[in-house]
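An overview of the molecular structure
Okay, here's what each chain looks like letter by letter:
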Amino acid sequence: MGLHRAWPDAEITGVDIKPMPRYPFNFIQADAMEFPLDGYDFIWASPPCQAYSEATPIAARAKHPDLIAAIRERLVSTGKPYTIENVDCARHLMLDPIMLCGTMFGLRVWRHRWFEISPQNLQLRPPCRHNEHPVVVSGSAHGRGEAKVPEMIRAMDVPWMDVRSEIRQAIPPAYSEFIARQFSLWSQ
């Protein structure tokens, strides 16, 4: 949604191995590691985070794929600009990542996510504002003090979502909108 907000005339296509019935744009169910990437001007990748997430029990992390290096290799080979998004514990696998938080954009959600961006063009970003009590959106069913779905929807600005499991895997559109707008400024 953030890419659409920044580039309203762009054709947005989402790819995921699982069905996404509420995805608001063109959607193709496919393995992103095999999906052809030619013909796209900008590529956004959000590899599964469970292998790195603090919400995943340590003993279970090895059961989840570690795809950051592999997806980077695919993206670099296209020669196109890209962003790789993931959780805090994955940042050491990313190249010069930046962190964004919902509070930077006036959202009531404290949700840090890391972004590897190529070409590296984002130097300035708004500060986190953790002075208000945030809405908790956890990546697992074990989220302590997690908000109710309607509050999560408002805090993350994802009105098309209504399923807790989807919201837990999402990032607020403000993050991708910010990155897309910065990229547009840089590429002019």
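Above this text is the structure in question.
Quick look at the structure, then.

Procedures and definitions
Residues numbered from 1 in each chain as written. Predicted model: local features only at pLDDT ≥ 70, side-chain atom pairs only at ≥ 80, totals over all residues. Heavy atoms only, no water. Phe/Tyr/Trp six-rings, centres within 6.5 Å; stacked < 30°, edge-to-face > 60°. Helix = DSSP H or I, 4+ residues; strand = E, 2+ residues; numbered from the N terminus. Buried < 20%, exposed > 50% of the residue type's maximum accessible area, 1.4 Å probe, protein only. Contact = heavy atoms within 4.5 Å. Salt bridge = Lys/Arg side-chain N within 4 Å of Asp/Glu carboxyl O. Pairing = 2+ DSSP bridges. Axes fitted to C-alpha atoms, helices over the stretch in contact; angles between N-to-C directions.

**A short note on the packing of aromatic side chains**
Following the criterion strictly, the structure yields eight aromatic pairs and no others. Note on phenylalanine 115 and tyrosine 175: the rings are 6.0 Å apart at their centroids and 80° apart in plane angle, and the pair reads as edge-to-face. Taken together, the residues phenylalanine 115 in strand 6 (residues 113-118) and tyrosine 175 in helix 6 (residues 173-187) connect sequence positions 60 residues apart. The exposure class assigned to phenylalanine 115 is buried, which follows from its relative accessible area of 0%. With a relative accessible area of 0%, tyrosine 175 lands in the buried category. Aromatic ring contacts, followed pair by pair, group Trp44, Phe105, Phe115, Tyr175 and Phe178 into a single cluster.

**Description of the side chain of serine 176**
Within the secondary structure, serine 176 sits in helix 6. Classification of serine 176 as buried rests on a relative accessible area of 7%. Not counting residues within four places of it along the chain, the set of residues in contact with serine 176 comprises Gly2, Leu3 and Trp44.

**Examining the pattern of salt bridges**
Summed over the entire model, instances satisfying the criterion amount to eight salt bridges. A salt bridge links glutamate 116 to arginine 72, with the shortest nitrogen-to-oxygen separation between them at 2.7 Å. Pair noted here: glutamate 116 is in strand 6 and arginine 72 is in helix 3 (residues 68-78), with a separation of 44 residues, a long-range link. On the accessibility criterion, arginine 72 (13% relative accessible area) is buried. If you follow the salt bridges from partner to partner, you end up with Arg22, Asp162 and Glu166 in one network.

**Here's the deal with the environment of serine 138**
You can see serine 138 is positioned in the loop between strand 6 and helix 4 (149-156). The class of serine 138 is buried, set by a relative accessible area of 13%. Put simply, serine 138 and serine 165 are 27 residues apart on the chain and 9.6 Å apart in space, counted from C-alpha to C-alpha.

**Notes on the side chain of glutamate 177**
By secondary structure assignment, the location of glutamate 177 is in helix 6. Judged by relative accessible area, which is 18%, glutamate 177 ranks as buried. In contact with glutamate 177, not counting residues within four places along its chain, are Gly2, Leu3, Arg5 and Ala6.

**Looking at the sheet that holds strand 6**
Ordered in space as 3-4-6-5, the four strands form an open sheet in which the pairing is mixed. Across the chains shown, the open sheet's two edge strands, defined by having one partner strand only, are strand 3 (43-45) and strand 5 (98-100). The mean angle between the axes of side-by-side strands here comes to 25°, regardless of whether they run parallel or antiparallel. Pairing between strand 4 (residues 82-86) and strand 6: five bridges, direction antiparallel. Bridge pairing in strand 6 places isoleucine 84 opposite glutamate 116.

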